[in-house]
Amino acid sequence: GEYQFITGKKVFQTRYGENPHQQGALYEFDSHFTKNFKQLKGEASFNNINDVNGALKIASSFGDDNAVCISKHGNPCGFAIKDNLLDAYVEALKCDPISAFGGVVAVNGVVDLDLAIKMNEIFLEVVYAADFTAEAEQELNKKKRIKLFKQGTAKLELSNDAFNFKIVDGGFVYQDSDKIEDDEVEKSELKSTREASTQEKKDMEIAYKVASLTKSNCVVYVKNSAMVAVGMGMTSRVDAAQCALKKAKEMGLDVSGSAMASEAFFPFRDSIDAAASAGVSAIIEPGGSIRDDEV
């Protein structure tokens, strides 16, 4: 339209803005935060809201799966889906326990006592979950600096806004929201002679969804439903791919047999060659490069 009006109702004042000298506040559309954001312990900061949002979108992208996402500065540093939330958290933490220190954890389900005890082994700034048992909340409250937020639901829920926008100097750019459909991996075009296994398809789905919600340029490696490496925010896609492999090696994580995803097309084959050398067994990407055949 010729004019675009963006209106939100104030929910609460944040501790401060992105930095202590800035003021900040949270505003909502259609009472979403009033309904789905309950502060149990600690006052949410501007950065907390941004970090929680990044982790929430990833953790809630897999329906009822027991998904746990650990994020730092808005990007995932750990993610896993397992038979239970405790195992999912343990596997997610393996990806990058150094970055997880002081990070944000989003849990797609109810945090119980066993999971709370495990979380208390390191310093976490925020735990955001569908809900907490009374015993888990009591255990996590032993940490003075931790902040606990919940939705009060069985699983995490998103408002699924139809649009989004970004501030630019003198105005804003406005667009329809992006969304990865659940059948995109199943409907993707097979470019190899070998068909992917069921586990490889699940790993590709996870990697593709996580990549879509990670700062570009990014490459994500997933093995047995757990993220084992991620490179994000790079100016070069090959740098993202190689940085992720370097970090995985430092963490003692084996990426052989993993699935790799990119949130945009690979412009050259160099990232593919690096993945092949590392033993990656499946790759998914949007395509669209003039060198797609070579890739």
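Residues numbered from 1 in each chain as written. Predicted model: local features only at pLDDT ≥ 70, side-chain atom pairs only at ≥ 80, totals over all residues. Heavy atoms only, no water.

On a plain count of helices and strands, the chain comes out with nine helices and 14 strands. Computed over C-alpha atoms, the radius of gyration of the chain comes to 19 Å, within 12% of the 19 Å expected from 2.2 N^0.38 for 295 residues, which places it in the range of a compact globule. Projecting the C-alpha coordinates of the chain onto the three principal axes gives extents of approximately 55 × 55 × 35 Å. Per-residue burial for the chain yields a buried fraction of 43% across its 295 residues. Considering only contacts in the chain between residues 6 or more positions apart, those separated by 24 or more positions represent 48%. Accessible area of the chain: about 15,600 Å², with a carbon and sulfur share of 48%. (Helix = DSSP H or I, 4+ residues; strand = E, 2+ residues; numbered from the N terminus. Rg over C-alpha atoms; globule rule 2.2 N^0.38 Å. Buried < 20%, exposed > 50% of the residue type's maximum accessible area, 1.4 Å probe, protein only. Contact = heavy atoms within 4.5 Å. Areas by Shrake-Rupley, 256 points an atom, 1.4 Å probe, with all protein chains shown as cover.)

A few words now on helix α3 (residues 85-95). Every buried residue of α3 is accounted for by L85, A88, Y89, A92, L93 and C95. Down the axis of α3, the smallest arc covering the buried residues is 140 degrees, so these residues share one side. Against the buried residues of α3 lie β4 (66-72), β5 (75-82), α4 (97-100), β6 (104-111), α5 (113-119) and β12 (226-231). Two or three places before L86, at the opening of α3, N84 has a side-chain oxygen 3.2 Å from that residue's backbone nitrogen. (Arc of directions from axis to C-beta. Polar contact = N/O pair within 3.5 Å; in protein donor to acceptor, adjacent residues only side chain to side chain.)

Ranked by size, the top nonpolar core spans 41 residues in total, and within it F79, V220 and M227 carry the most contacts. Contact partners of M227, with chain neighbours within four places excluded, come to P76, C77, G78, F79, C95, V210, V220, Y221 and V222. Core analysis: the second largest hydrophobic core is formed by 25 residues, I70, C77, A129 and A226 among them. (Core = buried A, V, L, I, M, F, W, Y, C linked by side-chain atoms within 4.5 Å.)

Turning next to the pattern of salt bridges. For the coordinates displayed, the defined rule picks out 17 salt bridges. In this structure, the salt-bridge partner of E125 is K147, at a minimum N-O distance of 3.7 Å. Taken together, the residues E125 in the loop between α5 and β7 (126-132) and K147 in strand β8 (residues 147-150) connect sequence positions 22 residues apart. Owing to a relative accessible area of 25%, E125 belongs among the partly exposed residues under this scheme. Residue K147 is classed as buried on the basis of its relative accessible area of 6%. As a salt-bridge pair, K202 and E205 come within 3.5 Å of each other at their nearest N and O atoms. (Salt bridge = Lys/Arg side-chain N within 4 Å of Asp/Glu carboxyl O.)

The geometry of two aromatic rings is summed up by the distance between their centres and the angle between their planes. Enumeration according to the criterion identifies nine aromatic pairs in this entry. Taken together, the ring pairs connect F12, F33, F37, Y128 and F149 into an aromatic cluster. Across from the ring centre of F123, 4.4 Å away, lies the NZ or CZ of R145, which sits over that ring. (Phe/Tyr/Trp six-rings, centres within 6.5 Å; stacked < 30°, edge-to-face > 60°. Lys NZ or Arg CZ within 6 Å of the ring centre and 35° of its normal.)

Residues L26 and E28 point to one face of strand β2 (residues 25-28) and are all buried, whereas A25 and Y27, pointing to the other face, are not buried. Examined bridge by bridge, strand β1 (residues 9-13) and β2 share four bridges and lie antiparallel to one another. Looking across to β2, one finds that F12 is bridged to L26. (Pairing = 2+ DSSP bridges.)

A separate point is the packing of helix α8 (residues 237-250) against helix α9 (residues 270-278). Between α8 and α9, the shortest axis-to-axis distance is 9 Å and the interhelical angle comes to 15 degrees. Classified by the interaxial angle, the pair formed by α8 and α9 is roughly parallel. As for the relative orientation of α8 and α9, their crossing is left-handed in sense. Contact residues: R237, V238, A241, Q242 and L245 in α8; D270, S271, A274 and A278 in α9. The class makeup of the residues in the contact of α8 with α9 is five nonpolar, two polar and two charged. (Axes fitted to C-alpha atoms, helices over the stretch in contact; angles between N-to-C directions. Parallel < 35°, antiparallel > 145°, perpendicular 65-115°, else oblique. Left-handed = near helix turned anticlockwise from the far one by under 90°. Nonpolar A, V, L, I, M, F, W, Y, C, P; charged D, E, K, R; others polar.)

Turning to α9, its buried residues number three or more, namely S271, I272, A274 and A275. Projected down its long axis, α9 shows its buried positions confined to an angular sector of 160 degrees, all on one face. α9 presents A276 and S277 as exposed residues on the side facing more than 90 degrees away from its buried surface. Against the buried residues of α9 lie α8, β13 (259-262) and β14 (282-284).

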